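# Remarks on the overall topology
As a plain string of letters, each chain reads:
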Amino acid sequence: MKQKRRHEGHATAEAHRAILAIWRIEQPQLITRLARMLRDVPLAEDLTQEALLAALESWPAAGVPERPGAWLMATAKRRAFDHLRRSRMSERKHVLLAFDMAVEQQTMPDLDASLDDDIGDELLRLIFTACHPRLSHEARAALTLRMICGLTTEEIARAFLQPETTIAQRIVRAKRTLSESGLAYETPHGEQLSERLSSVLEVVYLIFNEGYTASRGEDWLRPQLCYEALRLGRVLTAVAPHEPEAHALLALMELNASRAAARIDAAGQPILLLEQNRALWDQLQIRRGMQALGRARELGGPGGIYALQAAIVACHAEARTASETDWPRIAALYAELAAIATSPIVELNRAVAVAMAEGPEQALAIVDRLVHEPTLKGYHLLPSVRGDLLHKLGRYAEARSTFEAAAALAGNKRERELLTRRAAAAASAAIES
Amino acid sequence: MRFMYIVTSPHNGPPTPELLEAMHKLTDREIKSGRMLDNGGLMPLAKGAQVRLKAGKLSVVDGPFVEAKEVVGGYAIFELPGKEEAVAMAVEFMQLHKDLMPGWDGTCELREFATPPQ
């Protein structure tokens, strides 16, 4: 009996996973169509969630309907009517909306409806809403994953290593902000568009990096963040095909993700880019990245902030061996990047490229200018790079103390160990010389 | 996870216009949703060729192939979070065939890409 129950529990979990999978595929169509009907994104989101709950209740017993998208849409629409009726709308606006919906239900046959309309513009509007600058970055990321990617609150919480209640509150609050400030349904145009687009790209890149630079957590949902960010990047290039930076961000993510299989050894230790086995780089993804970068350039955006970063990564992707890397070009690209995005971290990266292209002396001059930079205070990579340059220049005693300072700042155990070893190597080199 | 879909069928005629249109819409949706990386239909096997290795002997055989029962008609490559999504996609694709090309039989096989060994 106990065994049977366990078996049933297992079967239910499996059925739920299958339903969630279908729902994830259908969810963007559902929410975009509901948002258009109701002119209210947060409400539309609530209704898609209700449709999911209804499916989870009824499909395990009744079986998955032949056209699950149509089923979910019909259910959500019924709930929408209930909602409007319940709120006893006396406002004329709501009456009109209800009228719109009735008309829409009449004229839009549910059969394969999910395939019948082009949701591009609507989806873009939804993405702009989820990434509204009025919301915090964390709220934008959570809302985007929930509304555009169809992740559950629990999944988002696991991916960001946060308690579920924190994420749930963040989503509720963000939706309330959108509703109360009347921002719930709008598409920016003209100059505002590119400004708002950069806020969207920022969130997508944040989601990608959260998964890509997973410094903590082993959960499989962290790679899932990379997957969703890449998917969002592809969505953006499809719904905003004339925006060079959308293509550039996609290129940057595709090219970075192409190295995923080569980045970690069997023991889970990170492998540095120049030491990676390039045969493990994903060539399909590199091709897609190069295509997206080409598109960004065609659209007149080789100098954008993502285009420059993608061009740098492309230099690595195109080099068959580490020694074939075009360092002068990388150094030049970093110089261009530094000109538009004044950032000491970009300068530090430029110094590394200059060291490879021209030599440690020229690089050290750049790094020495950064030593008193307040934003890099406490950043272990600054002394780490500096120690390396000093070592290469034969200034071993200075290299040793610099590596020791870097080790003291490193937050990660493996990095600390590596830096301590380098300090010791510099110390023995100092004795020998 | 990356999946390859391979569609095989004993039928080798072209799809009905209705099915073709529905598949275009599905493809468009899947490209815009960022899940489909690549896809393509294949010309009839009769126009292709097979290079066979049997008992240490290579031979090049041109079509038509009278003995071929199930023929690969098309493929697609998707990137999806898991096998459940992969199955759901294939079911949706085959439902279109059921609805829009009566009498068609076939198989949509899905296979996860092997990840390179570490």
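Small disclaimer: the values here were computed from a predicted structure and weren't measured. (Residues numbered from 1 in each chain as written. Chains lettered and ligands numbered in written order. Predicted model: local features only at pLDDT ≥ 70, side-chain atom pairs only at ≥ 80, totals over all residues.)

## Regarding the overall build of chain B
Scanning chain B from N- to C-terminus turns up 2 helices and 6 strands. Across its three principal axes, chain B shows a C-alpha extent of roughly 45 × 45 × 20 Å. A buried classification covers 17% of the 118 residues belonging to chain B. Here the contacts in chain B between residues at least 6 apart in sequence split such that 75% fall between residues at least 24 apart. (Helix = DSSP H or I, 4+ residues; strand = E, 2+ residues; numbered from the N terminus. Buried ≥ 20, exposed ≤ 12 C-beta atoms within 10 Å, placed from the backbone. Contact = placed C-beta atoms within 7 Å.)

## Section: the overall build of chain A
Scanning chain A from terminus to terminus reveals 20 helices and 0 strands. A total of 433 residues make up chain A; the buried ones form 42% of that total. Contacts spanning at least 24 positions in sequence make up 62% of the contacts within chain A whose residues lie at least 6 apart.

## Description of the sheet that holds strand E2 (residues 36-41) of chain B
Residue and element names in this part refer to chain B. Strands sit in the order E2-E5-E1-E6 across an open sheet of 4 strands; the sheet is antiparallel. Two strands lie at the open edges of the sheet, namely E2 and strand E6 (107-112), each paired on one side alone. Each strand of the sheet is rotated relative to its neighbour by a mean of 15°, with strand direction disregarded. (Pairing = 2+ DSSP bridges. Axes fitted to C-alpha atoms, helices over the stretch in contact; angles between N-to-C directions.)

## Topic: the packing of helix H15 (residues 327-340) of chain A against helix H16 (residues 344-357) of chain A
For any two helices packed against each other, one specifies the inter-axial angle together with the distance between the axes. All names here are of chain A. Axis separation between H15 and H16 bottoms out at 8 Å; the angle between their running directions is 160°. Comparing their axes, H16 and H15 come out roughly antiparallel. Considering the relative orientation of H15 and H16, their crossing is left-handed. Residue-level inspection shows Trp327, Pro328, Ile330, Ala331, Tyr334, Ala335, Leu337 and Ala338 of H15 in contact with H16, the latter providing Val346, Glu347, Asn349, Arg350, Ala353, Val354, Met356 and Ala357. Here the residues of the contact of H15 with H16 are counted per class, giving 13 nonpolar, 1 polar and 2 charged. (Parallel < 35°, antiparallel > 145°, perpendicular 65-115°, else oblique. Left-handed = near helix turned anticlockwise from the far one by under 90°. Nonpolar A, V, L, I, M, F, W, Y, C, P; charged D, E, K, R; others polar.)

## Some remarks on the interface of chain A and chain B
Counting residues at the interface gives 24 residues for chain A, matched by 21 residues for chain B. Elements with a minimum of two residues in the side of chain A that touches chain B: helix H1 (2-38) and helix H11 (221-239) of chain A. The biggest single contributor to the side of chain A that touches chain B is H11(A), with 9 residues. Looking at side-chain class alone, the side of chain A that touches chain B contains 16 nonpolar, 2 polar and 6 charged residues.

## Things to note about the pairing of strand E5 (residues 71-79) of chain B
Of the strand pairs in this sheet, strand E1 (residues 2-9) of chain B and E5(B) are connected by 8 bridges, and their pairing is antiparallel. Along E5(B), the bridge assignment pairs Ser9(B) with Val71(B).

## Observations regarding the confidence of the model for chain B
With 97% of its residues at a pLDDT of 70 or more, chain B shows a mean pLDDT of 89. Element-level mean pLDDT values for chain B span from 88 in E2(B) up to 96 in E6(B). (pLDDT = per-residue confidence, 0-100.)

## Description of helix H7 (residues 137-147) of chain A
Among the 11 residues that make up H7(A), 9 are buried, leaving the element largely enclosed by the rest of the structure. For H7(A), the complete set of buried residues consists of Ala139(A), Arg140(A), Ala141(A), Ala142(A), Leu143(A), Thr144(A), Leu145(A), Arg146(A) and Met147(A).

## Observations concerning the pairing of strand E3 (residues 49-54) of chain B
The element E3(B) is largely exposed, with a buried count of 0 among its 6 residues. Joining the antiparallel neighbours E3(B) and strand E4 (residues 57-62) of chain B is a turn of 2 residues, in which Ala55(B) adopts a positive phi near 50°.

## Concerning helix H13 (residues 283-298) of chain A
All names here are of chain A. For H13, built from 16 residues, the straight-helix expectation of 22 Å at 1.5 Å per residue is met to within 8% by its first-to-last C-alpha distance of 22 Å. Residues of H13 that are buried: Gln285, Ile286, Arg288, Gly289, Ala292, Leu293 and Ala296. For H13, the buried positions fall inside an angular range of 160° around the axis, keeping them on one side. Away from its buried face, by an angle of more than 90 degrees, H13 presents the exposed residues Gln283 and Glu298. Positive phi shows up at Gly300, right after H13, with a value of about 90°. (Expected span 1.5 Å × (residues − 1). Arc of directions from axis to C-beta.)

## Things to note about unusual backbone geometry
Look at Arg39(A): it is not a glycine, yet its phi comes out positive at around 55°. Given 14 C-beta atoms within a 10 Å radius, Arg39(A) is considered partly exposed. In this model, Ala55(B) sits at a positive phi of 50°, which is unusual for a non-glycine residue. Note that Ala55(B) resides in the loop between E3 and E4. With 4 C-beta atoms packed within 10 Å, Ala55(B) lands in the exposed category.

## Here's the deal with the environment of Leu201(A)
All names here are of chain A. Along the chain, Leu201 falls in helix H10 (residues 190-212). Since 24 C-beta atoms lie within 10 Å of it, Leu201 is described here as buried. In contact with Leu201, not counting residues within four places along its chain, are Glu245, Ala246, Leu249 and Tyr306.

## A few points about the environment of His132(A)
Its location among the elements puts His132(A) in the loop between helix H6 (120-130) and H7. Accessibility expressed as a C-beta count within 10 Å gives 22 for His132(A), which makes it buried.

## Quick look at the nonpolar core
All names here are of chain A. Grouped together as the largest cluster of nonpolar side chains are 122 residues, with contacts concentrated most on Leu34 and Ala310. If you tally residues by element for this core, the top one is H1, at 12 residues. Setting aside residues up to four positions removed in sequence, Ala310 forms contacts with Ala248, Ala251, Leu252, Leu255 and Leu293. (Core = buried A, V, L, I, M, F, W, Y, C linked by C-beta atoms within 7 Å.)

## What to know about the packing of helix H12 (residues 244-257) of chain A against H13(A)
All names here are of chain A. Running from N to C, H12 and H13 cross one another at 160°; their axes reach a closest spacing of 8 Å. Classified by the angle their axes make, H12 and H13 are roughly antiparallel. The hand of the H12/H13 crossing is left-handed. The segment H12 lies against H13, with Pro244, His247, Ala248, Leu250, Ala251, Glu254, Leu255 and Ala257 engaging Gln285, Ile286, Arg288, Gly289, Ala292, Leu293, Arg295 and Ala296. For the contact of H12 with H13, a count of residues per class yields 10 nonpolar, 3 polar and 3 charged.

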